[in-house]
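# Working through the structure, step by step
The chain contents come next:
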Amino acid sequence: MRIVALAGGIGGARFLRGLKEAVGPQDEITVIGNTGDDIHLYGLKVCPDLDTVMYTLGGGINEEQGWGRTDETWSIKAEMKEYGVGPEWFGLGDRDFATHLVRSQMLAAGYSLSQVTEALCVRWQPGVRLLPMSDDRIETHVRITDGDGTRAVHFQEYWVRLHAAVDAEAIIPVGADTAKPAPGVLEAIAAADVILFPPSNPVVSIGTILAVPGLRAAVAAAPAPVVGLSPIIGGAPVRGMADKVLAAVGVEATADAVALDYGSELLDGWLVDTADEASVAAVEAGGIACRAVPLLMTDVAATAEMARAALALAEQVRA
């Protein structure tokens, strides 16, 4: 079985760990990772979502945080602070710095982001084929109004420094409209037996991936069933502040509203948590098969059961 998953950071990475547990060694998983969260810091190219997938599946993630490296130290960041160089609000540990140094050196030498990602994965052996959504530079920005007036800030500043405390007025994936899918992305979608939308942020993770020209159309036209898992349980995000960015695009933070926003042209099936069983009818009225199952990723075993439920629903809608 050839499985393609569109994934953001922590939620996507943890779901993929369960997916690996749920499938057999002969099955192939291709992950199309969000690069809209990418940011340049200290002269380095930082790819938070790609790295979170790579570290999580490769056994190097800080489990408590869900991002960054385990057994991390912070000497470089402390020294940069002594020089008065920021930003202080974005944490890059010493081990993490090494990844960004290698990536930036390879990019400067002329390698594409896809080639660099493949090279980094040689060390981590994530057990999946990890592809960036595009080799072109794309950065998600958020329009806000605060004491400094109306302005656009990088998504990382909005999420990490401002903690999404200011209302998001618009989400702009800068550069997405002129970007191209990375090599292998469209081919993987066309050849997939199943396409999954993990419980990643539907606006700034999966939504940004789908904003790359050709990607949404490729998913919509794919012969494989497309099944998504709700990141909203009981009217609230499981993790993070997805409700803030959903509001910016006019979507209610409910399991059925997210499914209907994707639409039946993309989704064939949708899983909601048992707490949202009442929303199944609304989703199915929108032309999307829907089931209610436990969706809390409390451990790898529970996450594997979620993945099995998604694959089972894919088989049902295929039939």
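To keep things clear, this report deals only with the structure shown in the data block. (Residues numbered from 1 in each chain as written. Predicted model: local features only at pLDDT ≥ 70, side-chain atom pairs only at ≥ 80, totals over all residues. Heavy atoms only, no water.)

## Overview of helix α13 (residues 300–318)
- The end-to-end C-alpha separation of α13 is 27 Å, in line with the 27 Å expected for 19 residues at 1.5 Å each.
- Considered for burial, the residues of α13 that qualify are Thr303, Ala304, Met306, Ala307, Ala309, Ala310, Leu311, Leu313 and Ala314.
- Those residues of α13 that are buried lie in contact with β1 (2–7), α1 (10–22), β9 (194–197), β10 (226–229), β13 (269–272) and β14 (289–292).
- One side-chain oxygen at the N-terminal end of α13 lies 3.2 Å from the backbone nitrogen of Ala301; it belongs to Asp299. (Helix = DSSP H or I, 4+ residues; strand = E, 2+ residues; numbered from the N terminus. Expected span 1.5 Å × (residues − 1). Buried < 20%, exposed > 50% of the residue type's maximum accessible area, 1.4 Å probe, protein only. Contact = heavy atoms within 4.5 Å. Polar contact = N/O pair within 3.5 Å; in protein donor to acceptor, adjacent residues only side chain to side chain.)

## Looking at the packing of helix α4 (residues 94–108) against helix α5 (residues 113–124)
- Here α4 crosses α5 at 140°, and the two axes come no closer than 10 Å. By the angle class used here, α4 and α5 are oblique. The crossing of α4 and α5 is right-handed. Here Thr99, Val102, Arg103, Met106 and Leu107 of α4 come into contact with α5, specifically with Leu113, Val116, Ala119 and Leu120.
- Its residues placed into classes, the contact of α4 with α5 shows 7 nonpolar, 1 polar and 1 charged. (Axes fitted to C-alpha atoms, helices over the stretch in contact; angles between N-to-C directions. Parallel < 35°, antiparallel > 145°, perpendicular 65-115°, else oblique. Left-handed = near helix turned anticlockwise from the far one by under 90°. Nonpolar A, V, L, I, M, F, W, Y, C, P; charged D, E, K, R; others polar.)

## Quick word on the nonpolar core
- Ranked by internal contacts, the top residues of the largest apolar core, which has 57 residues, are Leu6, Tyr158, Ile189, Ile195, Phe197, Tyr262 and Trp270.
- With 5 residues, the top contributor of residues to this core is helix α11 (residues 255–262).
- Excluding anything up to four places from it in sequence, Tyr158 contacts Val142, Ile144, Val153, His163, Ala164, Val166, Asp167, Ala168, Lys244 and Val245.
- If you look at the next biggest cluster of nonpolar residues, it comprises 43 residues, including Ala22, Val31, Val53 and Leu271. (Core = buried A, V, L, I, M, F, W, Y, C linked by side-chain atoms within 4.5 Å.)

## Quick look at the pattern of salt bridges
- Applying the stated criterion to the full structure yields 12 salt bridges.
- Arg161 is paired through a salt bridge with Glu157; the nearest N and O atoms lie 2.7 Å apart. On the criterion of helical spacing, the pair formed by Arg161 and Glu157 is a turn pair, its members being 4 residues apart in helix α6 (residues 155–161).
- Judged by relative accessible area, which is 35%, Arg161 ranks as partly exposed. (Salt bridge = Lys/Arg side-chain N within 4 Å of Asp/Glu carboxyl O.)

## A closer look at the packing of helix α2 (residues 48–58) against α4
- Where α2 contacts α4, the two axes come as close as 12 Å, and the packing angle between them is 120°. Relative to α4, the element α2 lies oblique. Judged by the sense of rotation from one axis to the other, the crossing of α2 with α4 is right-handed. Every residue of α4 that contacts α2 at Asp51, Met54 and Tyr55 is listed here: Asp96, Thr99, His100 and Arg103.

## Notes on the sheet that holds strand β8 (residues 170–174)
- Pairing is antiparallel in the open sheet, where 3 strands are placed in the order β7-β6-β8. Edge positions in the sheet fall to β7 (149–154) and β8, since each has one partner strand and no second. Each strand of the sheet is rotated relative to its neighbour by a mean of 30°, with strand direction disregarded.
- Judged from the 5 bridges that link them, strand β6 (residues 139–146) and β8 form a sheet pairing that is antiparallel. Bridged to Thr140 within β8 is Pro173. (Pairing = 2+ DSSP bridges.)

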